[in-house]
Amino acid sequence: MLPGPNDKKNAGESFPVNEFTYLGTAARVIFGAGSLRHLEREIELLGASRALVLCTPGQVGMAQDVAQRLGARTAGLFTQAAMHVPIETARAARAQARELGADCVVAIGGGSTIGLGKAIALEAPAGSLPVLAIPTTYSGSEMTSIYGITEAGVKKTGKDPRVLPRTVIYDAELTLSLPVGLSMTSGLNAMAHSAEGLYAQDGNPIMALLAEEGIRALAAALPRVALHPQDIDARSSAQYGAWLCGIVLGNVGMALHHKLCHTLGGSFNLPHAETHAVVLPHAIAYNAPAIPAALAVLRRALGRDDPARALFDLAAQLGAPTSLAALGMPAEGIERAADLATQNPYWNPRPIERAAITELLQHAYNGQAPA
Ligand code: NAD
């Protein structure tokens, strides 16, 4: 008989198995270095023949390669994807998709480009404009039905099944050019999805399995990528971890860590992945007294007794930023951020206490190890 979660031998080690709702993600995933070669087959399987290819201005070369591979199935290129999907960009891309009669969107890039693909699919009649995502960072956006669009400086996010990419091609060769700094912060950002997923209110044991394996894979792969950015095996492992962490992000609710990062990003215009890298150890330390099961998983995944300290040390080892001050946050912002973080009530395993949150932010601002 297989050991069950409630066996004595496993007591205290397994994730609690309570009632839960599990929603599988529908995406078809093609994984492996060099797997971009299957692109034409995958477009055919989608039943599409007029693809609009999306990218940022910095990734036009990759998008042109995609367009070339698709040949007559390419309807056109839109090369102006930008961080946080400005509404003007989304409108321009939607108009181009309509004018060209596109019947699918191919997004090659990070969360910004995939986010643009989602914004286009969101406005199309259900199912009429599938997204094929080719992620080149570790953001995990390709695994979620979460979209975000920024209008007049305010980013509005929502969830809609229409935006979930139908097919995802993970080809680690496309991540070789991701600068080391971005690779590290993007990878830590992915680990944050899983770490918070472990104590989500609507968490479940399936997500805990994925979160543990995702964190383990990234914690092992990122130091190797930092040393040898062209190591395709290390890049593949990092991408595998990011994929699993993305599933967790798409399936369960996030708490204090993500709330703080959105507050800091929105209020002080701090960079997305870097802010996650700085805040994560402090958020885990804050919640530690309330999350024994999550801590047990994190200890296994990170191979250390103190997961918050392990995450802090990992960020430092990887050369990622460890202080909010280094990201350009003003010192007087700490009180404002504490106000914002405590004003809107939201679920968190440990109650949100003003004084303790201020202390957390102060530590993160200074770049101190988590308390
Ligand atoms: P990004 O997509 O903004 O990319 C950062 C920069 O790196 C861009 O200039 C891009 O062109 C470049 N780049 C990406 N891959 C590259 C590669 N392989 N080689 C060279 N250059 C490369 O960064 P990101 O961190 O992936 O995405 C951040 C955005 O995604 C944010 O807006 C965030 O809110 C969003 N996001 C959304 C979700 C979701 O589920 N909706 C999840 C995570 C992130």
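Residues numbered from 1 in each chain as written. Predicted model: local features only at pLDDT ≥ 70, side-chain atom pairs only at ≥ 80, totals over all residues. Heavy atoms only, no water.

(A) Geometry of the overall build of the protein chain. A tally of helices and strands in the protein chain yields 13 helices and eight strands. Relative to the globule expectation of 21 Å for 371 residues, the C-alpha radius of gyration of the protein chain, 20 Å, shows essentially globular dimensions. Within the protein chain, the proportion of its 371 residues that are buried is 55%. Within the protein chain, contacts between residues at least 6 apart in sequence are counted, and of these 78% link residues at least 24 apart. Carbon and sulfur atoms form 53% of the exposed surface of the protein chain, whose accessible area is close to 15,600 Å². Within the protein chain, one finds 28 positive and 31 negative side-chain charges whose respective centroids are separated by 3 Å. (Helix = DSSP H or I, 4+ residues; strand = E, 2+ residues; numbered from the N terminus. Rg over C-alpha atoms; globule rule 2.2 N^0.38 Å. Buried < 20%, exposed > 50% of the residue type's maximum accessible area, 1.4 Å probe, protein only. Contact = heavy atoms within 4.5 Å. Areas by Shrake-Rupley, 256 points an atom, 1.4 Å probe, with all protein chains shown as cover. Lys, Arg positive; Asp, Glu negative; His and termini not counted. Charge placed at Lys NZ, Arg CZ, Asp CG, Glu CD.)

(B) Region of interest: the nonpolar core. Ranked by size, the top nonpolar core spans 75 residues in total, and within it Leu 116, Ile 120, Met 191, Leu 198 and Ile 284 carry the most contacts. The residues that make up this core include at least three from each of domain 1 (11-23 + 179-366) and domain 2 (32-175). Apart from residues lying up to four places away in sequence, Ile 120 is in contact with Leu 52, Leu 54, Ala 93, Arg 94, Ala 97, Val 105 and Leu 129. (Core = buried A, V, L, I, M, F, W, Y, C linked by side-chain atoms within 4.5 Å. Domains from an automatic or database assignment.)

(C) Broad picture of the side chain of His 363. In this fold, His 363 is placed in helix H13 (residues 354-366). In this structure His 363 comes out as buried when scored by relative accessible area, which is 13%. Other than its neighbours up to four places away in sequence, His 363 contacts His 282, Gln 368 and Ala 371.

(D) Geometry of the domain arrangement of the protein chain. The domain architecture assigned to the protein chain consists of domain 1 (11-23 + 179-366) and domain 2 (32-175). For domain 1 and domain 2, the distance between their C-alpha centres works out to 26 Å. Taken together, the contact pairs 18 residues of domain 1 with 17 residues of domain 2. Across the domain 1 to domain 2 interface the summed buried area is about 1,500 Å²; carbon plus sulfur atoms make up 62%. If you sort the residues of domain 1 by the area they bury against domain 2, Arg 235, Gln 239 and Trp 243 come out on top, with a joint share of 35%. Our count for the domain 1 to domain 2 interface comes out at zero salt bridges. One can count six residue pairs in polar contact (both at pLDDT 80 or more) joining domain 1 with domain 2. Secondary-structure elements contributing two or more residues to the side of domain 1 that touches domain 2 are helix H5 (180-197) and helix H7 (232-251). Taken together, the residues that form the side of domain 1 that touches domain 2 break down as eight nonpolar, nine polar and one charged. (Buried area = accessible area lost by both parts, 1.4 Å probe. Salt bridge = Lys/Arg side-chain N within 4 Å of Asp/Glu carboxyl O. Polar contact = N/O pair within 3.5 Å; in protein donor to acceptor, adjacent residues only side chain to side chain. Nonpolar A, V, L, I, M, F, W, Y, C, P; charged D, E, K, R; others polar.)

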